[in-house]
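Breakdown of the fold
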Amino acid sequence: MAKEFKRKDGRKPTELRKIVAKVGVIPNADGSAMFAFGDTVAIAAVYGPRLLHPKHMEDPTKCILRVNYDLLPFSVHDRKKPGPSRRSQEISKVTEWALSPVVDLKSFPNTVIDVQIYIIQADAGTRTAGINAASMALAHAGIPMKNLVCSVAVGKLDKNLVVDLTKEEEDFEEGEGSTDFAIARIANTDEFTLLQFDGKVQPELINDLISLSDNACKEIYEAQKKALKEIIK
Ligand code: CDP
């Protein structure tokens, strides 16, 4: 039998980094949560639904979900310049799209729900940790949702398919190089709300890569549920 590929940090290909999930971390927010994959730590705060200003931005048919994602300056090795960037705007947008399908936006016309996601420590996979934290924070805020959203990055290190890549793995250049594929899906379903691919892969491996998110998302969902249940004791 072929020897199983071991990653530099000792993990098996399908093994996630240690998950830490907690809700209620920001008392002044309507809902809040933190979600960590190893050294990647995201916090999310939810405010609303509340009236939207300026009024011309209101949508009389539904609530607007407005996400702001950012890396804090001290979250990365080279200090990150504060303020929005093309990267943070793109991640804010894809996070909005990843979460919107589960939120009952039609029940709150003319309002906005603000979701603030900050990465306090980054070691790759920040958009996925941010989506997991935001999904929990929305539930913690009591906003009607049809389900939680679970997110993980999968990828390829040379020829090996792996889940939850670190920054070092994302930067891996040897052999066939690395591939980073951020996935979000509605918990316990085959409905995907984010498929964001970076790198190169043979088309015939795409389905295998996507399948790696099955068990990973189950594990993430259990951690999210456990954290939410802890506050309704
Ligand atoms: O974080 P994620 O994998 O979702 O997005 P990315 O744009 O692929 O970034 C990968 C990683 O690069 C981040 O998680 C950070 O560890 C690092 N990074 C950084 O060091 N400085 C930046 N300005 C942006 C990203």
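Just above, that's the structure.
Residues numbered from 1 in each chain as written. Predicted model: local features only at pLDDT ≥ 70, side-chain atom pairs only at ≥ 80, totals over all residues. Heavy atoms only, no water.

1. What about the site of the ligand?
Around the ligand sit L71, V76, R87, A122, D123, A124, G125, T126, R127, K167 and E170, and that is every residue in its neighbourhood. Here G125 contributes a backbone N or O atom positioned 2.9 Å from an oxygen atom of the ligand. Here an oxygen atom of the ligand sits 2.8 Å away from a polar atom, N or O, in the side chain of R127. Look at the ligand: alone it shows 510 Å² of surface, and the protein chains cover 76% of it. Elements supplying a minimum of two residues to the shell around the ligand: α2 (126–140) and α3 (167–170). (Near = heavy atom within 4 Å. Polar contact = N/O pair within 3.5 Å; in protein donor to acceptor, adjacent residues only side chain to side chain. Areas by Shrake-Rupley, 256 points an atom, 1.4 Å probe, with all protein chains shown as cover. Helix = DSSP H or I, 4+ residues; strand = E, 2+ residues; numbered from the N terminus.)

2. Looking at the nonpolar core
As a rule of thumb, nonpolar side chains are buried together in soluble globular proteins. Counting residues in each nonpolar core, the largest one holds 57 residues, and the members touching the most others are F35, I113, V115, I117, L138, V152 and V154. When near neighbours in sequence (up to four residues on either side) are disregarded, L138 contacts V46, L65, L99, V103, I113, V115, I143 and M145. (Core = buried A, V, L, I, M, F, W, Y, C linked by side-chain atoms within 4.5 Å. Buried < 20%, exposed > 50% of the residue type's maximum accessible area, 1.4 Å probe, protein only. Contact = heavy atoms within 4.5 Å.)

3. Re the packing of aromatic side chains
A ring pair, where both rings are aromatic, is described by two values, the distance of the centres and the angle of the planes. Applying the stated rule across the entire model yields two aromatic pairs. Taken together, a centroid distance of 5.0 Å and an interplanar angle of 80° make the contact between F35 and F37 edge-to-face. With respect to burial, F35 and F37 carry one shared label: buried. Arranged with centres 5.0 Å apart and planes meeting at 75°, the rings of F181 and F197 form a pair that is edge-to-face. Residue F181 is located in strand β8 (residues 178–186), and its partner F197 is located in strand β9 (residues 192–199); the two are separated by 16 residues in the primary sequence. By relative accessible area, which is 34% here, F197 ends up partly exposed. (Phe/Tyr/Trp six-rings, centres within 6.5 Å; stacked < 30°, edge-to-face > 60°.)

4. Thoughts on the sheet that holds strand β7 (residues 160–163)
If you walk across this open sheet you meet the four strands as β7-β6-β8-β9, and the pairing is antiparallel. Looking along the sheet, the strands with just one partner apiece sit at the ends: β7 and β9. Neighbour-to-neighbour, the strand axes of this sheet turn through a mean angle of 15°, independent of strand direction. When strand β6 (residues 149–157) meets β8, the two strands line up antiparallel, connected through nine bridges. Within the sheet, the bridge partner assigned to S151 lies in β8 and is A184. On the sheet, helix α1 (residues 86–99) packs against β6, β8 and β9 and is oriented at approximately 145° with respect to β9. (Pairing = 2+ DSSP bridges. Axes fitted to C-alpha atoms, helices over the stretch in contact; angles between N-to-C directions.)

Any link to function would need more than the numbers given here.
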